[in-house]
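Secondary and tertiary structure notes
Each chain, written out:
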Amino acid sequence: MMTKERENILVALCQELIRQQSYSGEEDKVVNSIEHAFKELGFDDWTVDDYGNVIGHIKGSKPGKKILFDGHIDTVPVPDDSKWQHAPFAGEIADGRIYGRGASDMKGSVSAMIAAAAFFAQDTKRNFAGDIYVAGVVHEEIFEGVSARLISKNVNPDYVVIGEASELNLKRGQRGRAEIVVETFGKPAHSANPDKGINAVYKMAGLIERIRGLETTSMPVLGKGILELTDIKSSPYPGASVVPDHCRATYDRRLLVGETRESVIAPIQELIARMEQEDPEFKAKVSYAVGVEKCHTGEIIEGERFFPGWLYDEQDEFVQAAYRGLKEAGINPEITQYSFCTNGSHYAGERGIKTIGFGPSRENLAHTIDEYIEIEQLVKGAEGFYGIMKSVLKPE
């Protein structure tokens, strides 16, 4: 499938996307580059939705299933580019690698998806039943799955392939993620007379200790539903000579399949209720963090930070179809699961759409200084996406 000419097209596209700085909410330039690639590579049509996601479409000659390839196009920032040996937005090639912010996470994979879809359409002359969509998704680094809601609403796919780095292995699930906010409330006073107030931090200290004793859920494959304290802040801050009347702590909760907003937060609610009965001065509440971000289109994206987990059986028909396609492409994948959160939280976790993960490069290269993707991985990634299309859409 991959001639030298096609490999050069793929590498050049990856370099082009890396060169467009695209922090979350600032993806407009890379969207323009992707639109240009859709045009040059013969996609039938493409759209940019209200959030700024760019979605390309290739239509088969007969009606059939819709398969969506999902890759986010935002990246984490580069705090200090002087620490990089290779410029973060140059797409430099050295030692068989393409360097730059987003190379592995995940502009390399997005490039491979676009190229694979175009080459598949050329080779089959579109003689297949169904539709191929490739989505360049915004705001994933901040909001896993939130902007994807608009994509699934507009496309309504039957199958989704998440292109996050998997080192060419096949992923059938992931833990989800939630940000839980716990607050305690006290009474302000001068710290020279602390008995006149109620110190919210002392109340929080007791609550934290009790939360540490809560048992979290666990399940085979995905493991434990971790609940970990990640930050704490008192108010007023700084609080010179003032007894703090408010304290806020944030917990990272890793979610398992079937856990809901209500079931995850219920143990902490019950704990707070017991502590309020034990101590008339104890006042607290628990909620989910809410994020509000501005898209490059000007649209506001908002949502609770609750992103469900998902897992499909190894013998699921889509998992097995993808596996056969990868094997036929010369890849020998392990069937495993992601260790981090992806847009699959929406497609599989919220919508119940059949979803798998497959992508080039290693996940531990994401967000690193001198991030890179190996050209060999990039090419094999494109071959793998092509193989999945061939297996699922069965061209004649």
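Residues numbered from 1 in each chain as written. Predicted model: local features only at pLDDT ≥ 70, side-chain atom pairs only at ≥ 80, totals over all residues. Heavy atoms only, no water.

**Quick look at the overall build of the chain**
Assigned secondary structure in the chain consists of nine helices and 21 strands. Its C-alpha radius of gyration of 24 Å places the chain within 12% of the 21 Å reference for a compact globule of 396 residues. Its C-alpha atoms give the chain principal-axis dimensions of about 80 × 45 × 35 Å. For the chain, the residues scored as buried account for 55% of the 396 residues in total. In the chain, of all internal contacts separated by at least 6 residues, the share reaching a separation of at least 24 is 79%. Between the centroid of the 45 positive side chains of the chain and the centroid of its 61 negative side chains there is a distance of 2 Å. (Helix = DSSP H or I, 4+ residues; strand = E, 2+ residues; numbered from the N terminus. Rg over C-alpha atoms; globule rule 2.2 N^0.38 Å. Buried < 20%, exposed > 50% of the residue type's maximum accessible area, 1.4 Å probe, protein only. Contact = heavy atoms within 4.5 Å. Lys, Arg positive; Asp, Glu negative; His and termini not counted. Charge placed at Lys NZ, Arg CZ, Asp CG, Glu CD.)

**Describing the nonpolar core**
By size, the foremost hydrophobic cluster in this structure holds 71 residues, and its most contacted members are Ile 67, Phe 69, Ile 114, Ile 132 and Ile 388. At twelve residues, helix H3 (residues 103–124) tops the list of elements feeding residues into this core. What Ile 132 contacts, discounting residues up to four positions off in sequence, is Gly 56, His 57, Ile 58, Ile 67, Phe 69, Ala 117, Phe 120, Met 389 and Leu 393. Ranked by size, the runner-up nonpolar core spans 23 residues in total, among them Ala 200, Ile 211, Leu 255 and Ile 268. (Core = buried A, V, L, I, M, F, W, Y, C linked by side-chain atoms within 4.5 Å.)

**A few points about the pattern of salt bridges**
Tallied over the entire structure, the rule returns 18 salt bridges. Arg 254 serves as the salt-bridge partner of Asp 252, at 2.9 Å between the closest nitrogen and oxygen. (Salt bridge = Lys/Arg side-chain N within 4 Å of Asp/Glu carboxyl O.)

**A few points about the domain arrangement of the chain**
Here the domain parsing of the chain yields domain 1 (4–175 + 309–393) and domain 2 (183–292). Summarising the inter-unit geometry, the C-alpha centres of domain 1 and domain 2 are found 38 Å apart. Contacts between the two partners involve twelve residues from domain 1 and, on the opposite side, twelve residues from domain 2. For the domain 1 and domain 2 pair, buried surface summed over both sides reaches about 870 Å², with 62% attributable to carbon and sulfur atoms. Our count for the contact surface shared by domain 1 and domain 2 stands at zero salt bridges. For the pair domain 1 and domain 2, the number of links is one residue pair in polar contact (both at pLDDT 80 or more). Of all the elements in the fold, those that place two or more residues in the side of domain 1 that touches domain 2 are strand S8 (170–174) and strand S18 (310–311). Here the side of domain 1 that touches domain 2 gets three residues from one element, more than from any other, and that element is S8. Looking at side-chain class alone, the side of domain 1 that touches domain 2 contains four nonpolar, four polar and four charged residues. (Domains from an automatic or database assignment. Buried area = accessible area lost by both parts, 1.4 Å probe. Polar contact = N/O pair within 3.5 Å; in protein donor to acceptor, adjacent residues only side chain to side chain. Nonpolar A, V, L, I, M, F, W, Y, C, P; charged D, E, K, R; others polar.)

**A few points about the side chain of Asp 70**
Secondary-structure assignment places Asp 70 in strand S3 (residues 62–72). The side chain of Asp 70 sits in the buried core without any salt bridge; Arg 351 is the nearest counter-charge, 12 Å away. For Asp 70, the side chain forms a polar contact with the side chain of Asn 343, separated by 3.2 Å.

**A look at the packing of aromatic side chains**
For any two aromatic rings, the description comes down to two numbers: the centre-to-centre distance and the angle of the planes. Considering all chains together, one arrives at twelve aromatic pairs under this definition. An aromatic cluster is present here, built from Phe 38, Phe 43 and Trp 46 joined pairwise through their rings. Sitting above the plane of the Tyr 372 ring, Arg 97 keeps its charged end 4.0 Å from the centroid. (Phe/Tyr/Trp six-rings, centres within 6.5 Å; stacked < 30°, edge-to-face > 60°. Lys NZ or Arg CZ within 6 Å of the ring centre and 35° of its normal.)

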